[in-house]
Amino acid sequence: MWKMDSQDLFVASLFIHQNRKPAMATFFSTFSTPNPLISKSILHYNQRFNVKCSAAPPPPLPQEVQTFWKWLSDEKVVSSKSPAKPGTVTEGLGLVAQRDIARNEVVLEVPKKLWINPDTVSASEIGRVCDGLKPWISVALFLIKEKLREEDDKSPWKNYINILPEHTDSTIFWSEEELSEIEGTQLLSTTLSVKEYVKNEFLQVQEQVILPNKKLFPSAITLDDFIWAFGILRSRAFSRLRGQNLVLIPLADLINHSPSITTEDYAYEIKGGGLFSRDQIFSLRSPIPVKAGQQVLIQYDMNKSNAELALDYGFIESTPDRNTYTLTLQISDSDPYFDDKLDIAETNGTKAVQYFDITLGRPLPPKMLPYLRLVALGGTDAFLLESIFRNSVWDHLELPVSRDNEEVICQVVRSACRSALSSYRTTIEEDEKLKGGDIDSRVKIAIGIREGEKKVLAHIDKIFEEREMELDENEYYQERRLRDLGLVGEQGDIIFWEPK
């Protein structure tokens, strides 16, 4: 077996943190300080207007939506000839084709004057007190300010604010009882961390901006208001646009997601208003042909996991490759070879704390096994950390180093997987049975999330179980070195020369 050295520190650090709740914080870390608006986000569920489709003609649009459409018409953004308009759909509100729409055809265009972004906030009455705030916080305050306006306090943005939902099925809106359904999951840890982050930001902006400026914010603003605004931005804001990292686009943000659309290309862009115009226009295209009466849909993000979809939008997909589990590996600060290992890790594009997303049914990330071997490296294998090997050590780590090293990483990963699986309240089989019943949408999300995570953990455990069974069949560093020197025969036996 192995002696008490960096291998034991590797094992200890993995197991020490497994007992932290709600999830294992070091080996199976769940969350780092969030950047809440790092990706394109678009509303999926609009709970306020949740009406099921049927064979009968759709019900009339709610008055708020009709008023919103009239506002857009008055602003010359839409007309009776527009290819699509808001409609009641399975998800709640969506964009419904008024005629056949071809692939890549423009569905709508919204000028910059109707966008809500940090520039909008700067030009508003609260602009001067929002200077220097994080962009998402300034936009959140703008949304809350508009939402809390008195009915007789006319503002054109009320037409848009009034169609926004009070909540979605995003886990940030779940009750404690509902969150208990995802106990043991990484999503729970992420959700609680996000809510704590939003709370801390709220307390800071409340002290520095809201309370000192009661004339600008006459109505009481609560944490729930702030979470609502955060949820709206998380689910509806577009990012990754030319010159726009955070922007709400009224009307365009009604478009819903389709898992059957497997491309993000050509869905939307920002373009100029014309040859002699400096105006910018948000242009939305349909990625597929759409028949009149059907909903216009796009792909939100091919790279988001089910946990990210649940947190951002409040839905998940049944496709296996949306199920992921994030492993967090760490070079222990107390490792006697910490400096050498960190230098090797950073030279090869990794860090002292490294995250690896494992997807159901897919191979391990390419750098995961070398990193694992590096973290566990010690004992008689520590010679590979010497400077003479610095330029080639990662190549050696791409393959098994020694039986002890390989056995350690297999045993530790498998033990960690089993420990993580024991933290769930249900088994995969029990979740499968629950899915067949008449269940609430949030419970359905919870079942899908915890089942997906458990399947990924079982997938990881299976990979390392198979590697463990191959320990005696592997070729390790010493054998490879002897072979390269011509000291190993065809049958793997060591060649000796007798002196003449």
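Residues numbered from 1 in each chain as written. Predicted model: local features only at pLDDT ≥ 70, side-chain atom pairs only at ≥ 80, totals over all residues. Heavy atoms only, no water.

Visitor: Residue-level account of the sheet that holds strand 3 (residues 106-111), with values.
Guide: Hydrogen bonds between backbone groups are what pair the strands of a sheet, and the pairing can be parallel or antiparallel. Overall, antiparallel pairing links the three strands, which are arranged 3-6-5 in an open sheet. The sheet terminates laterally at strand 3 and strand 5 (268-272), the two strands that pair on one side only. Sheet twist, expressed as the average angle between the axes of neighbouring strands with direction ignored, equals 25°. By the bridge criterion, five bridges tie strand 5 to strand 6 (residues 280-285) in an arrangement that is antiparallel. Counterpart to Tyr268 in the pairing with strand 6 is Leu284. (Pairing = 2+ DSSP bridges. Helix = DSSP H or I, 4+ residues; strand = E, 2+ residues; numbered from the N terminus. Axes fitted to C-alpha atoms, helices over the stretch in contact; angles between N-to-C directions.)

Visitor: Break down the confidence of the model for the protein for me, citing the residues and quoting the values.
Guide: Confidence in the prediction of the protein, expressed as mean pLDDT, is 86, and 83% of residues score 70 or more. Confidence drops under pLDDT 50 across residues 11-55; counting only partners more than four residues distant or on other chains, this segment forms 150 contacts. (pLDDT = per-residue confidence, 0-100. Contact = heavy atoms within 4.5 Å.)

Visitor: Tell me about the packing of helix 14 (residues 403-422) against helix 16 (residues 441-469), residues and numbers included.
Guide: One can describe the packing of helix 14 onto helix 16 by two numbers: an axis separation of 9 Å at closest approach and a directional angle of 155°. Judged on the interaxial angle alone, helix 16 and helix 14 are roughly antiparallel. The two elements helix 14 and helix 16 meet at a crossing, and its hand is left-handed. Packed against helix 14, whose contacting residues are Glu406, Ile409, Cys410, Gln411, Val413, Arg414, Cys417, Arg418, Ala420 and Leu421, the element helix 16 presents Lys454, Leu457, Ile460, Asp461, Phe464, Glu465, Arg467 and Glu468 at the interface. Tallied by class, the residues present in the contact of helix 14 with helix 16 amount to nine nonpolar, one polar and eight charged. (Parallel < 35°, antiparallel > 145°, perpendicular 65-115°, else oblique. Left-handed = near helix turned anticlockwise from the far one by under 90°. Nonpolar A, V, L, I, M, F, W, Y, C, P; charged D, E, K, R; others polar.)

Visitor: Go over unusual backbone geometry, please, and point to the residues and values.
Guide: Phi is positive for Lys76, close to 65°, though the residue is something other than glycine. Its location among the elements puts Lys76 in the loop between helix 2 (63-74) and strand 1 (84-89). Take Lys76: its relative accessible area is 73%, and that puts it in the exposed class. (Buried < 20%, exposed > 50% of the residue type's maximum accessible area, 1.4 Å probe, protein only.)

Visitor: Quick rundown of the environment of Lys81? Include the residues and the values.
Guide: Position of Lys81 relative to the elements: it lies in the loop between helix 2 and strand 1. Along the sequence, Lys81 and Gln98 sit 17 residues apart, while their C-alpha atoms lie 8.2 Å from each other.

Visitor: Just give me the short version of helix 5 (residues 135-147), but keep the residues and values in it.
Guide: Its 13 residues place the ends of helix 5 18 Å apart at the C-alpha level, agreeing with the 18 Å of an ideal helix rising 1.5 Å per residue. Buried within helix 5 we find Trp136, Ile137, Ser138, Val139, Ala140, Leu141, Phe142, Leu143, Ile144, Lys145 and Glu146. Against the buried residues of helix 5 lie helix 3 (118-122), helix 4 (127-130), helix 6 (158-161), helix 8 (186-210) and helix 9 (223-236). (Expected span 1.5 Å × (residues − 1).)

Visitor: Go over the pattern of salt bridges with me, naming the residues and quoting the values.
Guide: Scanning all chains against the criterion turns up 33 salt bridges. Of the charged contacts, one joins Lys462 and Glu465 as a salt bridge, the two residues approaching to 3.9 Å between their closest N and O atoms. Within this pair, Lys462 and its partner Glu465 are both found in helix 16, separated by three residues, close to a single helical turn. Looking at Lys462, the relative accessible area reads 46%, which means it is partly exposed. The exposure class of Glu465 is partly exposed, given its relative accessible area of 26%. One connected set of salt bridges, linked through shared partners, spans Glu181, Asp431, Arg450 and Lys454. (Salt bridge = Lys/Arg side-chain N within 4 Å of Asp/Glu carboxyl O.)

Visitor: I'd like to hear about the packing of aromatic side chains, residue by residue, with values.
Guide: Scanning the model with the defined rule gives 17 aromatic pairs in all. Taking 5.2 Å as the distance between ring centres and 75° as the angle between the ring planes, the aromatic pair formed by Trp136 and Phe230 counts as edge-to-face. Of this pair, Trp136 sits in helix 5 while Phe230 sits in helix 9, placing them 94 residues apart in sequence. Considered together, Trp136 and Phe230 belong to a single accessibility category, that of buried residues. Taken together, Phe68, Trp71, Phe142, Trp157 and Tyr160 form an aromatic cluster joined through their ring pairs. Its end group placed over the ring of Trp228, Lys147 keeps NZ or CZ at 4.1 Å from the ring centre. (Phe/Tyr/Trp six-rings, centres within 6.5 Å; stacked < 30°, edge-to-face > 60°. Lys NZ or Arg CZ within 6 Å of the ring centre and 35° of its normal.)

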